Amino acid sequence: MVKAEHPLPADLFMDLERSGPVPMYYQVASRLEKAILDETLPAGARLENEVALGHRLGLSRPTIRRAIQELVDKGLLVRRRGVGTQVVHGRVTRNVELSSLYEDLESSGQKPETRILECTVVPADERAADILDIERGSPTLHLRRLRLADGVPIAILDNTLPPEFADLVEGELATRGLYQLLRARGVTMRVANQRIGAREATNSESSLLDIRKGSAVLTMSRTVFDNSGRAVEFGQHCYRPDLYSFEVTLVNR
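Everything numeric in this text was worked out from a predicted model, so none of it was measured.

Rules used in this analysis
Along each chain, the written sequence defines residue order, and numbers are assigned to residues from 1. Given that this is a predicted model, residues contribute local features only at a pLDDT of at least 70 and side-chain atom pairs are listed and counted only at 80 or more, while totals for whole chains, interfaces and linings are drawn from all residues. With hydrogens and water excluded, all non-hydrogen atoms of the structure serve as input to the side-chain values. Helix and strand labels come from DSSP, where a helix needs a run of H or I of at least four residues and a strand needs a run of E of at least two; each type is numbered from the N terminus. Every axis in this analysis is a line fitted to C-alpha atoms, fitted for helices over the stretch in contact. Angles between the N-to-C directions lie between 0 and 180 degrees. Working definition: roughly parallel below 35 degrees, roughly antiparallel above 145 degrees, roughly perpendicular at 65 to 115 degrees, and oblique for all remaining angles. With the far helix as reference, a near helix turned anticlockwise by less than a right angle produces a left-handed crossing, and one turned clockwise produces a right-handed crossing. Note on contacts: a residue pair is in contact if any heavy atoms of the two residues lie within 4.5 Å. Gly is put with the polar residues, along with every residue not named as nonpolar or charged; the nonpolar set is Ala, Val, Leu, Ile, Met, Phe, Trp, Tyr, Cys and Pro, and the charged set is Asp, Glu, Lys and Arg. Strand pairing follows a simple DSSP-based rule, namely that at least 2 bridges must link the two strands. Any two of the Phe, Tyr and Trp rings considered here, Trp counted by its six-membered ring, make a pair once their centres fall within 6.5 Å; the pair's planes then place it as stacked at under 30 degrees, edge-to-face at over 60, or tilted in between. Criterion for a charge above a ring: Lys NZ or Arg CZ within 6 Å of the ring centre, and within 35 degrees of the ring normal. Any Lys or Arg side-chain nitrogen located within 4 Å of an Asp or Glu carboxyl oxygen qualifies as a salt bridge. The classification of residues rests on relative accessible area computed with a 1.4 Å probe and restricted to protein chains. Under 20% of the type maximum is buried, over 50% is exposed, and intermediate values are partly exposed.

Caption draft 1: Seen up close, unusual backbone geometry. Phi at glutamate 39 is positive, roughly 65°, even though this residue is not glycine. Secondary-structure assignment places glutamate 39 in the loop between α1 (24–37) and α2 (50–57). For aspartate 150, which is not a glycine, the phi torsion comes out positive at approximately 55°. Assignment of secondary structure puts aspartate 150 in the loop between β5 (139–149) and β6 (152–161).

Pasting the structure below:
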């Protein structure tokens, strides 16, 4: 369900300095940012369109568009086709540790949602067999999911699991995180090999993540091992860089 436009406080733009040295787009962006941070504009609120806001403030559409883009770049607003401009919680900053995106979103106070794009049992190809240390042709579960935070698409998750997990069903995966399901089956995830990168989004990824074609996405590939050293899953994921980042702590030895 698309939320109605959220009315902006009448006094939010009362003190705009139209003849001062500070650019108008910056003043508008600053006031909107303050309203978002103090939750005058709550997460999920939809702003009126650029033309209407510009008309109300007596400013040009390019000025309003630039102000909004400032907050999109900060991860405070998101533009969604067919919906408009919405307030989001802000960029998800994920520590590089053995946790799932579902758990990270829950711990940050956001509401995770999963849309199952693919959930099929397929024979292991050479790469999957090598990574999971199983016979080629063994049944593996291939998952492709779209993860949303408060209704905003944030990541596409692509995972492959060994034969003992091929019976996981869509209903479970739509309502719980993958790692939660694995733990419920007695898996103790101990260590992971992970690589973080960036590349250009495919047309399909651009559509699913609601970003411009050819935009950059963050990527992460990970193979997870249990406490016996057995690989229990490997994944290749991509994330919206305006709403997501990785955080690493470096220690000098």
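The rest of the description comes next.
Caption draft 2: Spotlight on the packing of α1 against helix α3 (residues 61–73). Where α1 meets α3, the closest approach of the two axes is 8 Å, and the angle between their N-to-C directions is 45°. Judged on the interaxial angle alone, α3 and α1 are oblique. Once α1 is placed against α3, the crossing between them reads as right-handed. Counted together, Met24, Tyr25, Val28, Ala29, Leu32, Glu33 and Ile36 of α1 and Thr63, Arg66, Ala67, Glu70 and Leu71 of α3 form the full contact between these two elements. Counted by class, the contact of α1 with α3 contains eight nonpolar, one polar and three charged residues.

Caption draft 3: Representation of the sheet that holds β6 in the model. As summarised here, the arrangement of the six strands in space is β4-β5-β6-β9-β8-β7, forming an open sheet in which the pairing is antiparallel. Bordering the open sheet on either side are β4 (112–123) and β7 (189–200), each of which pairs with just one other strand. Taking the axes of each pair of neighbouring strands and ignoring which way they run, one obtains an average angle of 15° across the sheet.

Caption draft 4: Structural detail: the packing of aromatic side chains. Using the criterion set out here, one finds zero aromatic pairs in the structure. In this structure, arginine 66 packs its charged tip against the face of tyrosine 25, placed 3.8 Å from the ring centre.

Caption draft 5: Structural view of the pattern of salt bridges. Under the criterion given, the structure shown has 12 salt bridges. With its nearest N and O atoms 3.2 Å apart, the salt bridge here joins glutamate 50 to arginine 61. Of the two residues, glutamate 50 sits in helix α2 while arginine 61 sits in helix α3, which places them 11 residues apart along the sequence. Residue arginine 199 pairs with glutamate 205 through a salt bridge whose shortest N-O separation is 2.8 Å. Arginine 199 gets classed as partly exposed once you look at its relative accessible area, which sits at 37%. Within this structure, Glu50, Arg61 and Arg65 form a network of salt bridges that share partners.

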